Amino acid sequence: MTRPVRIGVQLQPQHAPEYTLIRDAVLRAEDLGVDIAFTWDHFYPLRGDADGAHFECWTMLGAWAEQTERVEIGALVTGGGYRNPDLLADMARTVDHISGGRLILGIGGGWFEKDYTEYGYEFGTAGSRLTLLGENLARIRERLGKLNPPPHRHIPILIGGSGEKKTLRLVAEYADVWHSFADLGALAHKSAVLAGHCADVGRDPHRIERSVAWPGTDSAQAFVDAGVTLFTVGTSGPAYDLSTLAEAIRWRDEHYAQPLAGLA
């Protein structure tokens, strides 16, 4: 499959004492020409003051659906153990409608223990969280097929993670986008493992888009050559510095000029 090279931004909802700072940042990113605006699904900052200012993911995505006009939106990624999966599917369908069909449902196994323990969720083990993620993905798929009205489009599922036995198997079964967290050296091996899982489930691995964090202009082409078509720049409050995002967008436009569009 031939896909456009796209640039995303992850507006990390930490250290922004007022939501207006985040609202301003997502609008500035859209004006710059970003393709996707992501947030993350944590309840506390991951860096800096551990009890610093922070906002919740899915409430904010509903606001972004109204505040933006063109960009796709989503979480990079939703914590797989935080919400009843049938409810999460309904939340995703609703945000999809509010946005006019621009939601990407990003999800992973979860890893930040404080998110679980402070909010009363069972943390378990890495293995149990991935087992739960697999059960939840099946329920999400089933619930999305029952909702009335249905989503505007097939809501793309983005799965984050690189575990070879469990996570990549779930990617093969459910994902439209795979955010690998892998460096360039590991990406080819992980992609080969994913291809093996795809063969087991009867799926074409080329139908799964490859996504990584923005590696910089000097390295980006090597990732494209390895099959990556989605790069995401991360930034935090309170300033939400978008200078690196602007650099990534300029690189995209210089090398892969294209009409801005959603996931095919």
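Up top is the structure these notes are about.
Note that the coordinates shown come from a computational prediction; the quantities given were computed from them, not determined experimentally.

Draft legend 1. Highlighting the pairing of strand S2 (residues 36-39). In S2, alternate side chains face the same way, and those of Ile-36 and Phe-38 on one face and Ala-37 and Thr-39 on the other are all buried. As paired strands, strand S1 (residues 6-12) and S2 are joined by 3 bridges and run parallel to one another. Within the sheet, the bridge partner assigned to Gly-8 lies in S2 and is Ile-36. Taking the sense of rotation as the criterion, the β-α-β connection linking S1, helix H1 (residues 19-32) and S2 turns out right-handed.

Draft legend 2. Examining helix H2 (residues 57-67) more closely. For H2, the set of buried residues is Cys-57, Trp-58, Met-60, Leu-61, Gly-62, Trp-64 and Ala-65. Capping of H2 at its N-terminal end is provided by Glu-56; its side-chain oxygen lies 3.0 Å from the backbone amide nitrogen of Trp-58.

Draft legend 3. Focus on the pattern of salt bridges. Counted under the stated rule, the structure contains 16 salt bridges. Between Asp-51 and Lys-114 there is a salt bridge, with its nearest N and O atoms 2.9 Å apart. Taken as a pair, Asp-51 in the loop between S2 and H2 and Lys-114 in helix H4 (residues 113-119) lie far apart in primary sequence, 63 residues in all. Exposure remark for Asp-51: the relative accessible area of 58% places this residue in the exposed category. Ionic pairing is found between Lys-146 and Glu-142, a salt bridge with its closest N-O pair at 3.2 Å.

Rules used throughout
Residues numbered from 1 in each chain as written. Predicted model: local features only at pLDDT ≥ 70, side-chain atom pairs only at ≥ 80, totals over all residues. Heavy atoms only, no water. Buried < 20%, exposed > 50% of the residue type's maximum accessible area, 1.4 Å probe, protein only. Helix = DSSP H or I, 4+ residues; strand = E, 2+ residues; numbered from the N terminus. Pairing = 2+ DSSP bridges. Right-handed = clockwise from strand over helix to strand, strands pointing away. Polar contact = N/O pair within 3.5 Å; in protein donor to acceptor, adjacent residues only side chain to side chain. Salt bridge = Lys/Arg side-chain N within 4 Å of Asp/Glu carboxyl O.

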